[in-house]
Amino acid sequence: GAPPLLVPLLADKEEKVRASAAFALGMIGERKARQALSYALGDPEPEVRSSVLVALGLMQDDEGVDEIIEALDDESFDVRYDAVWALGQIGEPDAEERLRGALVSMERFGVTGAQREAFSRVVQDSLERLRTTEHAMSPGRPRRPAPARGGGRDPARRRAALGPSLHPGRDRTDPHRRRRGGHA
């Protein structure tokens, strides 16, 4: 079917192809692609990381919550925005504190004007979705324990813990990388 054909596209040399493949996997809800999407969160291009986060949110993949939470500290506004949106789609109650922290982080990242308003709105929408999800859950539902994965916040350690890179030999320090929409 389509998913086995899409997964290799996550390693394509073209940023737009990688981003489109991630989004398509999310749209069709292909959970078998979970590990490949996890690798793609280490992509050097913000557009690809954003598409991966949207895919995980569309799939409502609660196994990816910790990686999505890490993306709240990404250098790219678009990636942080999509991480907030994905957490709201998944409805993971344990993410509430980090979502509130994302509002505070706007100062640290220098988010102002229309971006600040949009970011505040998506955080508030995600928090509301979490509250709605939490009320809908059965009483006494235990919180999800943190997985025993290696890597933490250090992207190099995280990639090493997850396995081989989808982008061997790609220069992650290339100064000519484009940023989507001019956002850093």
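Being a predicted model, the structure only gives us computed values, none of them experimental. (Residues numbered from 1 in each chain as written. Predicted model: local features only at pLDDT ≥ 70, side-chain atom pairs only at ≥ 80, totals over all residues. Heavy atoms only, no water.)

Some details on the packing of aromatic side chains
On inspection of all chains with the given rule, the structure shows 2 aromatic pairs. Summarising the aromatic geometry, the rings of phenylalanine 77 and tyrosine 81 are spaced 6.1 Å apart at their centres and angled 40° between planes, so their arrangement reads as tilted. Residue phenylalanine 77 and its partner tyrosine 81 are located together in helix α6 (residues 77-90), separated by 4 residues, close to a single helical turn. Judged by centre distance (5.8 Å) and plane angle (50°), the rings of phenylalanine 77 and phenylalanine 119 are tilted. On the criterion of sequence distance, the pair formed by phenylalanine 77 in helix α6 and phenylalanine 119 in helix α8 (residues 113-136) is long-range, its members being 42 residues apart. Neither residue differs from the other here; phenylalanine 77 and phenylalanine 119 are each classed as buried. Among the aromatic residues, ring-to-ring pairing joins Phe77, Tyr81 and Phe119 into one connected group. A cation sits over an aromatic face here: arginine 80 above phenylalanine 109, 3.7 Å from the ring centre. (Phe/Tyr/Trp six-rings, centres within 6.5 Å; stacked < 30°, edge-to-face > 60°. Helix = DSSP H or I, 4+ residues; strand = E, 2+ residues; numbered from the N terminus. Buried < 20%, exposed > 50% of the residue type's maximum accessible area, 1.4 Å probe, protein only. Lys NZ or Arg CZ within 6 Å of the ring centre and 35° of its normal.)

Concerning the environment of leucine 103
Assignment of secondary structure puts leucine 103 in helix α7 (residues 96-109). Between the C-alpha atoms of leucine 103 and valine 123, which are 20 residues apart in sequence, the distance is 7.1 Å. In this structure leucine 103 touches Ser120, Val123 and Gln124, once residues within four positions along its chain are discounted. (Contact = heavy atoms within 4.5 Å.)

Thoughts on the pattern of salt bridges
As a working rule, side chains carrying opposite charge can pair if their charged atoms are close by. Taken as a whole, this structure holds 9 salt bridges when the rule is applied. When the shortest N-O distance is used, the salt bridge between arginine 34 and glutamate 67 registers 2.6 Å. Note that arginine 34 is positioned in helix α3 (residues 34-40) and glutamate 67 in helix α5 (residues 65-70), a separation of 33 residues in sequence. Take glutamate 67: its relative accessible area is 5%, and that puts it in the buried class. Where aspartate 73 meets arginine 108, a salt bridge forms, and the shortest distance between an N and an O atom there is 3.1 Å. In this pair, aspartate 73 is assigned in the loop between α5 and α6 and arginine 108 in helix α7, connecting sequence segments 35 residues apart. In this structure, a network of salt bridges that share partners links the residues Asp73, Arg98 and Arg108. (Salt bridge = Lys/Arg side-chain N within 4 Å of Asp/Glu carboxyl O.)

Bear in mind that shape data such as this cannot, by itself, settle questions of function.
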